[in-house]
Structures are given as structure tokens and as C-alpha cells.
Amino acid sequence: MSSDSFDDLQTNNISLVPHVVGRSKCIAKIAFSAGSTILSNSSFADVLLPSEKSHRCDYCHHLSGSDSLKRCTGCASFYYCDPTCQSMHWKSGHRKICGLYNSYTSASSFQALEEHKKMDALLLSSLIAHATLVDANERNSDENTAFLTFQALLPGPMAASAPPICPKHSFPAEVIQELYSRFENNNFSIHSHFKTYAHGIFPIASRLFNHSCMPNAAVKFILQVHKPVKLEVVALRAISKGDEICIPYIDPALLQTRTTIFDLTYGFTCCCPSCNVVRAMGMIPEPPKGQVEFQAVCKRLREFVGVMRLSPFSTGDDSLFPRDLACVLHESFISTLSEHFSAASHDGQYDVAMESSKSLSAFYQLIYPPNYPQIGLHILEKAKTCWNHLVRSTHTMSIVTELERSLVTAREVFAVIGLEGDPDNGPVAEISTLSDAKKSL
Ligand SMILES: [Zn+2]
Ligand SMILES: [Zn+2]
Ligand SMILES: [Zn+2]
């Protein structure tokens, strides 16, 4: 079996075909409606961020009170929901790591690593531990395919040297280095409610999907007790048969730095419609420093987005994007605007907060595809601002209306990506809480 056979990566719904410039592209074999799941893949290896350690199960990532998780009696460094998760993790590789873990992490060679490299070292250790079992024919064919696929991924452009790893193994150093060279441009940040809590390896998803800054699909993670975390690729909008399916590798809002990230970390030049427009703008000017001038740019942005039928960033037609708005593409524009919104919201300046919120929404509508989770997160923040104002001050019908409208829109956006991450306390739960509270007004 070829380690990179397109056939292995076919499903009834998608197929991998050659790409004109890139290596390949993933094509829809059927039409997908917004919200449908395109691919579902279990983690091959993953590692929790240090801040999550002892708060989540090391196997299924279930978030729990630190008292209720059981510690591995061997290394006292891994935590589990119960003996089932412990046993599954033991079989999937922990038994190769457990006895050596503490001496490995306390050694100066590990301690000297930068924090991100420590994460890489632990993930590489977990990958090798799992792969050793794959090698020993202890894993099923799906996992063999996943490991072969990982080995066949394109290496990143930077040749950083592999960190020391924990488990004993029979892989030559060159193979370890080869595996590590796939890390930076292929691994995923695992998130719950759109906040990263772990890093993971999902080889099939890495192999299939190219990047777009105006993607038609996005990645979410499903957590289930006693099961490894699952990555799902979800259609953000209706996708026609024959369309290429793309996901964002990084936040598309990094309008200026993203080109460098693609170049240095991923080794490609993004040719998506959004990048075409940004490139056509040339040198991006800074937004005006003065309050009045800054507000005038915001007003102009809202007017433009209000009448635009389809974002130029999704069509790639730069002639439709006004040159006098180029400064909104400067990354300081969005950070300044977000600061205005947060400060006004915090200080109870309702009108100022709403003004900033409308500008932020316009900006998101311009640069993100419809139903992108960041749009929903901002609308939820807006709804919270409305609510805080209603409980603090005399409430007016217009604020109640704005709250209702925001909750409806936020719910619509999150309905597309669907449930993800931890079952509790996510944006969908917050929308429900606010909707219930609103009834008491
Ligand atoms: Zn668990
Ligand atoms: Zn252990
Ligand atoms: Zn792009």
C-alpha cells in the first residue's frame, strides 16, 4: 500500500485530487449544507497545555475538578476520569512513557527547552509511543493509515532540530527528525469554546485540507468521556459538489502578519481571494490616531459594509474595495476598536460600546466568511453589554430589542458550527442563560 495513496483518503463525500499549484486539494463529491460534518477524525496523539494539566483527563480531556481526577500511580503526573480512561491511555502509549516520564521532564535537556518546545517534546514523545505500538501491529488499520499519512505529510520550511523524547524506541534519529519536521505546519491547536487547551496530531485532516483566509469550512473538537478527542470539519456555508473545501490554518484577522506566517511556518503563498485584495492594497497605512478621524473611518467602514452585497474579500475583486478604507486592514485597527468596545462596555458607556460594536461587526463581516465563530463571539459580547446596561440602568425598549436581536443572531451563527468542546459553559450555554434571564425583565 502506498503511504500516500489518494484512495485511502477518499470517502463517499470527499476526494483528494491534484492541485495546480499545491500538492492536492479536497473536493466535495456531494453538496453540503451549512453546518454539515464533512470529516470526523480521532486524535492520533495529543498533549494538554501545562495550565490544563490535572484539570482535564489526559485521555479524553474531560474537564473536571482537580479533586475528582485520579492520578496515575506509576508517574503521578497523568490524570484520568476513572480506570477506563487510564486503561485506554495506557494501551495507546502511556505504558511506553510512564516509568521514564519524571526523570525525562526533570532532566536539564528538557528543562532547558522553551515552553513551546516542551509542548512539542511531549507531543513528539506521545506520537512515538503511539507509533511504536502501531509498528508492533497493536493498532487497527485506521491508526496505521493515520501514521503512514502523517509520515507522508509535507515537512515545514524551517528545519528546527527535534527535541529529546521520552519513550524507548527503535526509530533512527533521522526518522524522528523527519516526523518532527511535520509538526509546525501540520499539527492542530485543540480548542474548547474557541480557546486553545491542547495540541494534537490529526494526520488525515492535515493531509486533506488546504488553507483559505475565506474558508468554507472550519474545525471544531468533540469531547466525549472515555474516548479520544475528535476533530470535525464543518461546512460554514452551503458547499456545491465539485467545490474545494478549505479550512483556516490561522485566524484570518491577522491581515498583515499572515503572509509571513504562511511563508515561514507553512511554506506557501496564500492565493485566496482575501489575500489577493490585501496584496492589491500594497503598503497598508496606519489608521488615524485622532479620535474624530478614527471614528470617521469606522463610520465609512459601516457605510461600505452596509451596502456591500458580497465582501470583496470573498470575491477577490479589489476594485470593489475603497482605497480610503485600506487602513482598516492595519492590524492596529481591530485591536484599537476592540479596546474601545471593551473599555466602553466595562465603564457602562452603552452608546459608545454599541457604536464600536457595530464597527467591529462590519469589520468581521468584511474579512470573515458568514457564520465564522468569531462573528458569533462578538455578537454574544454585544448581547452581554446590552444585558449589563439593562440591569445597571433604567432600561429602554430599544436596548431590549438590541439584546433580543443579538441573541437571535448569535444563536444562528453558533447553530452552524454546532456543539463543540466542553459540554458546559460555552457560548451556546451563555446565550441560553441570557435568553432565560431576559424573560424576567
Ligand atoms: Zn477521561
Ligand atoms: Zn503514568
Ligand atoms: Zn489568504
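Check the entry above for the structure.
What comes next concerns the included structure. The structure presented is a predicted model; accordingly, all values stated were derived computationally and were not measured.

## Let's talk about the overall build of the protein chain
Now for step 1: What the protein chain contains, in helices and strands, is 17 helices and twelve strands.
Now for step 2: For the protein chain, the C-alpha radius of gyration of 24 Å lies close to 22 Å, the compact-globule estimate for 441 residues.
Now for step 3: Projecting the C-alpha coordinates of the protein chain onto the three principal axes gives extents of approximately 65 × 55 × 45 Å.
Now for step 4: For the protein chain, restricting intrachain contacts to residue pairs at least 6 apart in sequence, the fraction spanning at least 24 positions comes to 69%.
Now for step 5: On the protein chain, the mean spot of the 38 positive side-chain charges and the mean spot of the 43 negative ones are 3 Å from each other.

## A look at the coordination of the zinc ion (ligand 2)
Now for step 1: Listed as protein donors to the zinc ion (ligand 2) are Cys72 (SG), Cys75 (SG), His94 (NE2) and Cys98 (SG); their distances from the metal cover 2.1 to 2.4 Å.
Now for step 2: Coordination at the zinc ion (ligand 2) comes from four donor atoms whose angles at the metal span 100 to 117 degrees, giving a geometry best classed as tetrahedral.
Now for step 3: Going along the chain, you hit the donors of the zinc ion (ligand 2) in the pattern C-x2-C-x18-H-x3-C. Here the residue Cys72 occupies a position in the loop between strand 5 (70–71) and strand 6 (79–80), and Cys98 occupies one in the loop between helix 1 (83–97) and helix 2 (101–106), the gap between them amounting to 26 residues.
Now for step 4: Owing to a relative accessible area of 3%, Cys72 belongs among the buried residues under this scheme.

## Some remarks on the coordination of the zinc ion (ligand 3)
Now for step 1: In the first shell of the zinc ion (ligand 3), the protein supplies Cys213 (SG), Cys270 (SG), Cys272 (SG) and Cys275 (SG), at 2.3 Å from the metal.
Now for step 2: Mapped onto the sequence, the residues coordinating the zinc ion (ligand 3) show the spacing C-x56-C-x1-C-x2-C. Of the two residues, Cys213 sits in the loop between strand 9 (210–211) and strand 10 (217–222) while Cys272 sits in the loop between helix 9 (258–266) and helix 10 (273–280), which places them 59 residues apart along the sequence.
Now for step 3: On the basis of relative accessible area, Cys213 is assigned to the buried category, the value being 0%.
Now for step 4: Here Cys272 falls in the buried class, since its relative accessible area comes to 6%.

## Details of the nonpolar core
Now for step 1: Of all hydrophobic cores here, the largest spans 58 residues; its most connected members are Leu301, Phe321, Val328, Leu329, Phe333, Phe363 and Leu366.
Now for step 2: Looking at this core, the elements with two or more residues in it are helix 10, helix 11 (291–307), helix 13 (331–346), helix 14 (350–367), helix 15 (373–392), helix 16 (397–417) and helix 17 (427–439).
Now for step 3: For this core, the element with the most residues is helix 14, which contributes nine residues.
Now for step 4: Lining this core are residues from two domains, each supplying at least three of them: domain 1 (6–247) and domain 2 (258–439).
Now for step 5: Leave out the neighbours within four places in its chain, and Phe363 touches Leu255, Leu301, Val328, Phe333 and Ile334.
Now for step 6: In terms of nonpolar packing, the next biggest core, distinct from the first, is built from 42 residues, Ala129, Phe147, Phe150 and Ile201 among them.

## Regarding the packing of helix 15 against helix 17
Now for step 1: Relative orientation of the contacting elements helix 15 and helix 17 amounts to 30 degrees, with a least axis distance of 11 Å. Comparing their axes, helix 17 and helix 15 come out roughly parallel. The crossing of helix 15 and helix 17 is left-handed. Between helix 15 and helix 17, the residues in contact are Leu377, Leu380, Ala383, Lys384 and Trp387 and Pro427, Glu430, Ile431, Leu434, Ala437 and Lys438, respectively.
Now for step 2: A per-class count over the contact of helix 15 with helix 17 returns eight nonpolar, no polar and three charged.

Conventions used here
- Residues numbered from 1 in each chain as written.
- Chains lettered and ligands numbered in written order.
- Predicted model: local features only at pLDDT ≥ 70, side-chain atom pairs only at ≥ 80, totals over all residues.
- Heavy atoms only, no water.
- Helix = DSSP H or I, 4+ residues; strand = E, 2+ residues; numbered from the N terminus.
- Rg over C-alpha atoms; globule rule 2.2 N^0.38 Å.
- Contact = heavy atoms within 4.5 Å.
- Lys, Arg positive; Asp, Glu negative; His and termini not counted.
- Charge placed at Lys NZ, Arg CZ, Asp CG, Glu CD.
- Donors = N, O, S within 2.8 Å, 3.2 Å for Na, K, Ca; no water.
- Tetrahedral: all angles 85-135°; square planar, octahedral: opposite > 155°, others 65-115°.
- Buried < 20%, exposed > 50% of the residue type's maximum accessible area, 1.4 Å probe, protein only.
- Core = buried A, V, L, I, M, F, W, Y, C linked by side-chain atoms within 4.5 Å.
- Domains from an automatic or database assignment.
- Axes fitted to C-alpha atoms, helices over the stretch in contact; angles between N-to-C directions.
- Parallel < 35°, antiparallel > 145°, perpendicular 65-115°, else oblique.
- Left-handed = near helix turned anticlockwise from the far one by under 90°.
- Nonpolar A, V, L, I, M, F, W, Y, C, P; charged D, E, K, R; others polar.

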